[in-house]
2 protein chains.
Amino acid sequence: MNDQHRNGQNEAAAGGRPTLKTIAFMTGLGVTTVSRALKDAPDIGEETKKRVQLVARQVGYRPNRAGVRLRTGKTNVISLVLNTDEQLMGFISDIIYGVSEELASSSYHLILTPYSSRNDPMDPIRYVVETHSADGIIISQTEPNDPRVRYLTEHGFPFATHGRTHTGIEHPWHDFDNHAFAMQAVRALVAKGRRRLALLAPSPKLTYYRHMSDGFAEGVEEQGCAAIPFRDAWVDMPVEQIKAAATALLRRSTPPDGLVSGSGAGAFALVAAIEECGLQLGRDIDIVTKQSTPLVQMFRPQILVVNEDFRLAGRELARAVRASIDGTAPASLQTLAVPGGVEIQTA
Amino acid sequence: MNDQHRNGQNEAAAGGRPTLKTIAFMTGLGVTTVSRALKDAPDIGEETKKRVQLVARQVGYRPNRAGVRLRTGKTNVISLVLNTDEQLMGFISDIIYGVSEELASSSYHLILTPYSSRNDPMDPIRYVVETHSADGIIISQTEPNDPRVRYLTEHGFPFATHGRTHTGIEHPWHDFDNHAFAMQAVRALVAKGRRRLALLAPSPKLTYYRHMSDGFAEGVEEQGCAAIPFRDAWVDMPVEQIKAAATALLRRSTPPDGLVSGSGAGAFALVAAIEECGLQLGRDIDIVTKQSTPLVQMFRPQILVVNEDFRLAGRELARAVRASIDGTAPASLQTLAVPGGVEIQTA
DNA sequence: AATGGAAACTGTAACGTTACAGTTTTTGAG
DNA sequence: CTCAAAAACTGTAACGTTACAGTTTCCATT
């Protein structure tokens, strides 16, 4: 048995990846001491710490994640839960990049947990919690009364949502101020002389539908202009359908002369519809749209844009879950991105 | 000691997540037997297997990943290595979704390993291999003489690349036939009466630059038309820069009358440049572009498109790494997506 | 009745880590 | 010089799994 022990030490020192045992053998210390020295524990001598840390760096020691995870239960993983049905949700990659950026300097890995609308959105959440396959979860497509938020809160599982809820639960979130966006949009259109405005809103089941609709209504009220209902299209529909609905809207007896688009992709559909109806952007009608990449704007300089930074959203969400895992109170992990105002291209 | 053992069993049976010990306690069998019964080992009785599997299902047993990983070294993770500097690389999300789709029915989790061009692209690869944080790697942005492919092959680490290499190494890959795409594009433009063609190609450092350029050259040769060099812009530049370069190209004394775009985003820049120059798409000039979402086409129906399915790419890549992990020979894990031909919108 | 062997099952140890409960050494107060 | 206590360090066990080397049971053969 003693023999096996020594054998083990030799093996560790010789081949493969260094472990605590390797460093213990090299420094002549016990495995426990090495472990504690590397975490800067108070009951280890200063010189010993220095020595251990030096050797660890020299041999390129990296803690074995499986070992840590098995012993402590900490996975060092954050799960981003995504609906993979979405078409052309190009901004998702920006959120992912933002999250990655923020996690790069930490010990966390980013894992993607996909789900399809064909299944219960709760499935991936339950899976992560039940198998404890991550230390925290990031949720997108947040709904006003999101059951995932309830479930995670009840289970005391750290998470952050992209978008707020109306659950009355204090939880970590990051959101873009869509209320302010819509108001800014209405004001900009009115400043351009537009009086009959329509909004291409998000899907009514998502929280930010309310925010944007309310902001729009409030803007219209404030500016004393008319709101033309545009209820048969949402930003997350296929663009062809949006275009068709917008074309129908523009051919009504009292068409809008100002449009607000809740997404960059939606703006393409609106522009296409406008031009198909023989109207000219900037002369007959104006659009204010959110954009995350400068595609639309480069294409039709007349379009008015408000930038939404999804990388920032990703970073903020990652920061929030991380802090939540570390025990920070939810109330202080809520951030709202304020739109920078309507941009007019001066080309 | 015996006491502690029994205590352990009780705890397992009572609270928390079920383990092999829980099932062993419930069935009255040994932990080893349960483990082997669940993997359908030949030396376990049929009735016992049934019984164990029934109980396992009843209690919702899921093997603890950390335990398996620590014992066997198998991580059940596949790493997708991504360059996070890319702007508007919207198709990345489709690749991710494709990979997710394919992995959903397996035991694999998808982990994202990001890197920035500011660092060595080898860093994330070395990290994954050295810490064995995944069982396989998926690489994008493949280069002709990609050092990552060499490194992974030398280390016998399973991987698959999006795009081929010219390393002479037989490795798993999935690629879109950009040679065929470019030839189809040239033929379609010539069929429209265009004779002076220019290509907006990928970055010269990527493998598919050669494929597309060669296909374009071959098409031009075959059709006996002229190739106008367009060497100061690549598809992965910011769209504004592409637009500027394209505008300059169109204002030369001998401008092209047919354009081929290697990416959907590039097509927007080309259309913008064309219209800024007062030209009309379909009358003065034509474009053939790759597209992955129907944005451009809906917008300018005159544009000619060839569809590239990135979800398919993701699925194929996931299948390839998976098979590679299972020991399948690389030569049989190479798939080429053939472009479906140039589509003309008949609206 | 003895024996060989197949079938079915099990205990032990180990993967790498850390919590816990020590043990040894040093220091300082009396 | 004694002794208490602080400082520095260590061994053991356990997290959940599986490879390996048994052990027991039972049946067919001689």
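Look a little higher up for the structure.
One structure accompanies this document, and this report is about it. (Residues numbered from 1 in each chain as written. Chains lettered and ligands numbered in written order. Predicted model: local features only at pLDDT ≥ 70, side-chain atom pairs only at ≥ 80, totals over all residues. Heavy atoms only, no water.)

**Quick word on the overall build of chain A**
Each helix and strand counted, chain A has 14 helices and 11 strands in total. A globule of 347 residues ought to have a C-alpha radius of gyration of about 20 Å, yet chain A, at 27 Å, is considerably larger. Structurally, chain A occupies a C-alpha span of about 95 × 45 × 35 Å along its principal axes. Considering chain A as a whole, with its 347 residues, one finds that 53% of them fall into the buried category. Accessible surface computed for chain A: about 15500 Å², of which carbon and sulfur atoms make up 50%. The distance from the centre of the 37 positive side-chain charges to the centre of the 38 negative ones in chain A is 4 Å. (Helix = DSSP H or I, 4+ residues; strand = E, 2+ residues; numbered from the N terminus. Rg over C-alpha atoms; globule rule 2.2 N^0.38 Å. Buried < 20%, exposed > 50% of the residue type's maximum accessible area, 1.4 Å probe, protein only. Areas by Shrake-Rupley, 256 points an atom, 1.4 Å probe, with all protein chains shown as cover. Lys, Arg positive; Asp, Glu negative; His and termini not counted. Charge placed at Lys NZ, Arg CZ, Asp CG, Glu CD.)

**Some remarks on the nonpolar core**
The nonpolar side chains of a soluble globular protein tend to be buried, and buried together. Judged by nonpolar contacts, the single largest core of 62 residues is most densely connected at Phe230 of chain A together with Phe230 of chain B. At the level of elements, strand E6 (196-200), helix H11 (239-250), helix H12 (264-276) and helix H13 (295-299) of chain A together with strand E6 (196-200), helix H11 (239-250), helix H12 (264-276) and helix H13 (295-299) of chain B are the ones that each hand at least two residues to this core. Ranked by size, the runner-up nonpolar core spans 42 residues in total, among them Tyr108 and Ala318 of chain A together with Leu80 and Phe310 of chain B. (Core = buried A, V, L, I, M, F, W, Y, C linked by side-chain atoms within 4.5 Å.)

**A look at the sheet that holds strand E10 (residues 304-307) of chain A**
All names here are of chain A. Here five strands make up an open sheet; going across it, the order is E7-E6-E8-E9-E10 and the pairing parallel. Both edges of this open sheet fall to strand E7 (226-227) and E10, since each of them pairs with a single strand only. Here four bridges tie E6 to strand E8 (residues 258-261), and the two strands are oriented parallel to one another. What sits directly across from Leu197, in E8, is Gly258. On the sheet, helix H9 (residues 178-191) packs against E6, E8, strand E9 (286-291) and E10 and is oriented at approximately 155° with respect to E9. (Pairing = 2+ DSSP bridges. Contact = heavy atoms within 4.5 Å. Axes fitted to C-alpha atoms, helices over the stretch in contact; angles between N-to-C directions.)

**Concerning the interface of chain B and chain A**
By a frequent convention, interface size equals the accessible area lost on bringing the separate parts together. Contacts between the two partners involve 47 residues from chain B and, on the opposite side, 47 residues from chain A. Between chain B and chain A, a total of about 4200 Å² is buried, with carbon and sulfur atoms accounting for 67% of that surface. Among the residues of chain B in contact with chain A, Tyr97, Met298 and Phe299 of chain B are the three that bury the most area, contributing 16% of the side total. Counting across the interface, chain B meets chain A through two salt bridges. Residue Glu275 of chain A is joined to Arg300 of chain B by a salt bridge in which the shortest nitrogen-to-oxygen separation is 2.8 Å. (Buried area = accessible area lost by both parts, 1.4 Å probe. Salt bridge = Lys/Arg side-chain N within 4 Å of Asp/Glu carboxyl O.)

**Quick look at the sheet that holds strand E8 (residues 258-261) of chain B**
Residues and elements named next belong to chain B. The strand order across the open sheet formed by five strands is E7-E6-E8-E9-E10, and the pairing between neighbours is parallel. Single-partner strands in this sheet number two, and they are strand E7 (226-228) and strand E10 (304-307). Across the sheet, the mean angle separating the axes of adjacent strands is 20° when strand polarity is ignored. Against the sheet, helix H9 (residues 178-191) makes contact with E6, E8, strand E9 (286-291) and E10, and its axis sits at roughly 155° relative to E9, the strand it touches most.

**Points about the side chain of Asp177 of chain B**
Residues and elements named next belong to chain B. For Asp177, the position within the fold is in the loop between strand E5 (173-176) and H9. Buried charge without a partner: Asp177 forms no salt bridge, and the closest opposite charge is Arg164, 4.7 Å away. Polar side-chain contacts of Asp177 include one of 3.2 Å to the backbone nitrogen of His179. At a separation of 3.0 Å, a polar atom in the side chain of Asp177 contacts the main-chain amide nitrogen of Ala180. When near neighbours in sequence (up to four residues on either side) are disregarded, Asp177 contacts Leu336, Ala337 and Pro339. (Polar contact = N/O pair within 3.5 Å; in protein donor to acceptor, adjacent residues only side chain to side chain.)

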